[in-house]
Structures are given as C-alpha cells and as structure tokens.
Amino acid sequence: MAGGVSTPALVAAVGSAGALGFLAAGYRDPDGLRADIREVRAQSAAPFGVNVFVPADLTDATDRSEPTEPARLAEPAWLGGYRAALAAEERRYGVSLGTPPAIDTDHWDEKLALLAEERVPVVSFTFGCPPGAVVDRLHAAGSCVVGTVTSGREARVCVDAGLDALCVQGPEAGGHRGSFPPRPPAGEVGLLPLLALVRDEVDVDLIAAGGLMDGASVAAVLAAGACAAQLGTAFLGTPESGAHALHKAALVDPAFPGTTVTTAFTGRPARYLVNRFIETLDALAPPADARPPAYPAVHHLTLPIRRASAAAGDPDAMTLFAGQGHRLARDLPAARLVEVLAAEAAQAAAVMTRRLAPPADA
Ligand SMILES: Cc1cc2nc3c(=O)[nH]c(=O)nc-3n(C[C@H](O)[C@H](O)[C@H](O)COP(=O)(O)O)c2cc1C
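Engineer: Which parts of the structure should I look at to understand the pairing of strand E1 (residues 21–24)?
Structural biologist: In summary, the side chains of a regular strand alternate between the two faces of the sheet. Alignment of E1 against strand E2 (residues 48–53), held across 4 bridges, turns out to be parallel. Residue pairing for E2: Leu23 is matched across the bridge by Val50. One crossover worth recording links E1 to the parallel E2 by way of helix H2 (residues 30–43), and it is right-handed.

Engineer: What is the right way to read the packing of aromatic side chains from this model?
Structural biologist: One pair of aromatic rings is described through two measures. These are the centre distance and the angle between the planes. Going through the model one piece at a time under the given rule, you end up with 7 aromatic pairs. Residues Phe53 and Phe127 carry aromatic rings whose centres are separated by 4.5 Å and whose planes lie at 35° to one another, so their mutual orientation is tilted. With Phe53 in strand E2 and Phe127 in the loop between strand E3 (122–126) and helix H8 (132–140), this residue pair connects regions lying 74 residues apart in the sequence. Of the residues examined, Phe127 reaches a relative accessible area of 3% and is grouped as buried. For the pair Phe265 and Phe277, a centre-to-centre distance of 4.3 Å together with 10° between the ring planes defines the contact as stacked. Of this pair, Phe265 sits in the loop between strand E9 (259–262) and strand E10 (270–273) while Phe277 sits in helix H14 (residues 276–281), and the two are 12 residues apart along the sequence. Taken individually, Phe265 and Phe277 each receive the classification buried, so the pair is uniform in this respect. Among the aromatic residues, those joined into a cluster by ring pairs are Tyr27, Phe53, Phe127 and Tyr295. The residue whose ring lies beneath Arg268 is Phe127, and the NZ or CZ to ring-centre distance is 3.9 Å.

Engineer: Please clarify how the site of the ligand should be interpreted in this entry.
Structural biologist: Residues in contact with the ligand amount to 19 residues; listed here are only the nearest, Asn51, Gly211, Gln230, Gly232 and Thr233. Within the side chain of Gln169, one N or O atom sits 3.1 Å away from an oxygen atom of the ligand. At 3.0 Å from an oxygen atom of the ligand is found a side-chain nitrogen or oxygen belonging to Gln230. If the ligand stood free it would expose 590 Å²; the protein chains cover 94% of that surface. When contributions to the shell around the ligand are tallied by element, the ones reaching two or more residues are E2 and helix H12 (233–236). A class-by-class count of the residues in the shell around the ligand yields 8 nonpolar, 11 polar and no charged.

Engineer: I keep staring at helix H1 (residues 8–16) and nothing clicks. Help me out?
Structural biologist: Most of H1 is tucked away: 7 of the 9 residues are buried. Buried within H1 we find Pro8, Leu10, Val11, Ala12, Ala13, Val14 and Gly15. Buried residues along H1 sit in contact with E1, H2, E2, H12 and helix H16 (334–356). Positioned one or two residues after H1, Gly18 has a phi angle of 105°, which is positive.

Engineer: When you look at the sheet that holds E9 in this model, what are you seeing that I'm missing?
Structural biologist: What holds strands together in a sheet is hydrogen bonding between their backbones, with the strands either parallel or antiparallel. What the 3 strands build is an open sheet, ordered E6-E10-E9; its pairing is antiparallel. With partners counted over all chains shown, the strands left at the sheet margins are strand E6 (175–176) and E9, one partner each. As paired elements, E9 and E10 share 4 bridges and run antiparallel to each other. By the bridge assignment, Thr259 is partnered in E10 with Leu273.

Engineer: How should the environment of Phe53 be read in this particular structure?
Structural biologist: Here Phe53 falls in the buried class, since its relative accessible area comes to 10%. Between the C-alpha atom of Phe53 and that of Pro130, which follows or precedes it by 77 residues, the distance is 9.4 Å.

Engineer: Please explain the sheet that holds E2 as it appears in this structure.
Structural biologist: Sheet architecture is open: 7 strands sit in the order E1-E2-E3-E4-E5-E7-E8, paired in parallel fashion. Every other strand in the sheet has two partners, leaving E1 and strand E8 (228–230) as the edge strands with one partner each. Within this sheet the neighbouring strands show an average axis-to-axis angle of 30°, counted without direction. Direction of pairing for strand E4 (residues 144–149) relative to strand E5 (residues 165–169): parallel, over a ladder of 4 bridges. Bridging across to E5, Val146 finds its partner in Ala165. Strands in contact with H2 are E1 and E2; relative to E2, the strand with the most contacts, it is inclined by about 165°.

Engineer: Help me understand the environment of Pro293 in this model?
Structural biologist: Mapped onto the elements of the fold, Pro293 is located in the loop between H14 and helix H15 (297–311). In this structure Pro293 comes out as partly exposed when scored by relative accessible area, which is 24%. Sequence separation of Pro293 and Arg268 is 25 residues, and the distance between their C-alpha atoms is 8.2 Å.

Engineer: Could you clarify how one ought to interpret the state of the cysteines in this entry?
Structural biologist: Among covalent bonds in proteins, the disulfide is the one between the sulfur atoms of two cysteines. For the coordinates displayed, the defined rule picks out 0 disulfides. Free cysteine: Cys167, not disulfide-bonded; nearest cysteine sulfur from Cys227 at 10 Å. Among the residues examined, Cys167 registers a relative accessible area of 3% and is labelled buried. Free of any disulfide, Cys227 has its nearest cysteine sulfur in Cys144, 9.0 Å distant. According to the relative accessible area criterion, Cys227 is partly exposed, its value standing at 43%.

Engineer: Sorry, what's going on with the environment of Leu231 here?
Structural biologist: Positionally, Leu231 belongs in the loop between E8 and H12. In this structure, the C-alpha to C-alpha distance between Leu231 and Ala209, residues 22 residues apart in sequence, is 6.2 Å. Dropping the residues within four chain positions of it, Leu231 is found in contact with Leu212, Met213, Val218 and Leu341.

Reading the values: the criteria
Sequence positions are assigned chain by chain, starting from 1 and proceeding in written order. Where totals are concerned, whole chains, interfaces and linings use all residues; where local detail is concerned, this predicted model gives features only for residues with pLDDT of at least 70, and gives and counts side-chain atom pairs only at 80 or more. To get the side-chain values, all heavy atoms of the structure are used, and hydrogens and water are removed first. When DSSP finds at least two bridges between two strands, those strands are taken to pair. Helix and strand labels come from DSSP, where a helix needs a run of H or I of at least four residues and a strand needs a run of E of at least two; each type is numbered from the N terminus. Here a crossover is taken to be right-handed if, once the strands point away from the viewer, the path from the first strand over the helix to the second is traced clockwise. To pair, rings of Phe, Tyr and Trp, with the six-membered ring standing in for Trp, must have centres within 6.5 Å; the planes then decide the type, stacked if under 30 degrees apart, edge-to-face if over 60, and tilted in the middle. Throughout this description, buried means an accessible area under 20% of the type-specific maximum (1.4 Å probe, protein chains only), exposed means over 50%, and partly exposed covers the range between. Sitting over a ring, as applied to charges here, requires NZ of Lys or CZ of Arg to be within 6 Å of the ring centre and within 35 degrees of the ring normal. A single heavy atom is enough: if one lies within 4 Å of a molecule or strand, its residue is considered near that molecule or strand. We call two N or O atoms a polar contact when they sit within 3.5 Å, provided that within protein one can donate a hydrogen and the other can accept it, with sequence-adjacent residues counted only if both atoms are side-chain atoms. In this description, accessible areas are obtained by the Shrake-Rupley approach with a 1.4 Å probe, and a residue is regarded as covered only by the protein chains that are shown. In this classification, the charged set is Asp, Glu, Lys and Arg, the nonpolar set is Ala, Val, Leu, Ile, Met, Phe, Trp, Tyr, Cys and Pro, and all remaining amino acids, among them Gly, are polar. Contacts are assigned to residue pairs with any non-hydrogen atoms lying within 4.5 Å of each other. Note on method: axes are straight lines fitted to C-alpha atoms, helices fitted across the in-contact stretch only, with angles between N-to-C directions ranging 0 to 180 degrees. Only a pair of cysteine sulfur atoms within 2.5 Å counts as a disulfide in this structure description.

Here's what the structure looks like:
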C-alpha cells in the first residue's frame, strides 16, 4: 500500500506471522525503497513482496491502438477546467497546485534494476502489464512475478507476458483500481464473478482482493478457486500501518457516509471514504478514460492540497483510501490480525464442510 502505509514493520510483522507482506514501490524513490527492503530483511527472515506501479507512458507504449505521442504534446482538454475547479481548495488550504512533470515514470528503470539486484522474492505490478523483458529479468533474479487484473482480458495479457500469478482485484477494493489504461475500468463486476471469469480465461494462480475483512471472506474466495486472499483495508488500522491517525479513525467513524470510486484526487479511479473534497470535485474531475491519461498529472496537481489537509488535521481533503468493508477494520497488531484471520477462515471452512456433507441417514 503506497503513500507510507505499508511500512517495513507491517511487512515484517505479517511475514513473520506466516502471511506475505508487500512493500510499496509506488511514489517511493529508489533509495527509500532500498532502505525499506533492507529494513524488512533486518526485522524478519520471512519472504516478502514489493509492488510496483507500471507507468502510463510504458503501458501506452505497449498499446499502439491509440496515438499517444501526439496527444501528450497537446494541453489535455480536461486540465484547464480541473485547475479552475481546484482553485477554491487552493485558497482554503493556502497552497498552490502542484506542477505535473512532462513525463513521470516513477523511477521505473531504477526500481527494476534495484529489485533484480536485491533479489526480492515476489514482485507484483499494478496499473498495467510489465513487458516480457522485465518479467524475464525478474525471473532471472529468482522473483515470482505477479500482475494485478480487473478483467479476463487483462489476465490474458499478463499470462501471455509470462507472469506467474495474478491478483484479481474486485471493484470492492480500497485504493486505486489496477485496470490497464487507456481503456476505462471494466465496469462493476464483483469479486466472486470476476474470479470465475478470470479463471475461465487463464490457468495460473489467482489471488483475490477487494472488500475482504474477515476470515470467512478469505475462506469464500479460497472456495471460489483463489490460492490466496489479499487484504488492504483490514490492515490499515493496525499499529504497524503508516496510515495517518485520522485515516485510521475515519474507517470506523459512522460520520463518513461510506466509500466511492473517483478520479478527483489522482486522475485514476480509486475507492475512498467520501469526504468534502470528493463531494465537491467528483463531478468536475477528468473521466477515467481521459486522453492523455489524467493520472499521474492530477496526483501531482492535488498533492499540496492533500498534504496541507493532513497537516491541518482536517480529513476533508485527505485521501482516505478504503474498501467497501472498512467499518469492519480491527485495531489489532498485524501479526495477531493474521492469526485471527487464519482461525476465522478455518472455522468458516469447517462450517461449510459440515453444511455440504450429505445428511447422515441419506
Ligand atoms: C491505502 C491503500 C493503498 C493501496 N496501495 C496500493 C498500491 O500501492 N499498489 C497496489 O497494487 N494496490 C494498492 N492498494 C490496493 C490493494 O492492493 C488491494 O487491491 C485492496 O486493498 C483490496 O481491497 P480492500 O482494501 O478492500 O482489502 C491499496 C489499497 C489501500 C487501501
């Protein structure tokens, strides 16, 4: 979980408890990422993963169906309008909008070199499929390579590129949708039917993600054919998570009306708790399929506002990422949460087995 949420302490704690923790490479500079990897290794001998954002520039380059280069040179049609819409937020927080760089690959080349050098056990990707050469390089370094998909079509692309396993992310999930640009996200197919659709398309290990908050839900996705469950929001409230204290509190605060998916904060659809910023700006934000893509330009534009909001202790313009099950977040140490989830899943599986057994006198 990017943005400082997946701390080395969180990754080490869940790894030592028998789960697989992921560091976030997204938004982290290569030196910071290297320090995080070394810190996890200092705290735990357990395997761990690193999650990497596939840059839009790279993903566009793998999809020649649309002319992205000329589009990038022109001022995006949505940019002026959205800048104007954000002016009131600039005034409210006393900041100026950020400046999007012409091209932002989030240190893609440096991070891949670092991951190969550090021989990270699992490397996962989101926002697109890494090129086959990248997959080969990570395989040569001994890494298992995982993609994030939100449709059967994306799953097919990843398997054709040689990825070993897929995280199937349902629309219930907190945080950014992992869908590949330039197409809009694949609608609202819920996690269980999505798992079945992806299973029908490809034959690799599937990791289910989205709205899973307790062990019974973990058991449900394992029963549906996933080899593992991936939980984000459930771990936000743990003491090891680097989420802001206001974010942790908001997850279980009934004052928040629930979650929604919006492009308003970063230009890419993501699920958050609804706050004032989203209520005001969602309707004015660029569409998910804006050309050229609005992510990461909008991420850079709104960053000063989000930082100022957090610094002021005001959750109204913070990015309160949360999945649909957020109210069920538990304030438990991460290792204890892993234990509880495993026990709940085993219990749910036992109940299911009993319910499925034929009656004794049949
Ligand atoms: C705060 C937060 C940050 C996230 N950051 C990332 C990320 O950097 N990379 C990624 O692939 N997914 C990220 N996700 C999505 C998770 O990988 C996962 O799909 C999601 O948390 C599952 O849904 P849940 O939150 O309902 O458990 C993030 C989710 C949250 C809540």
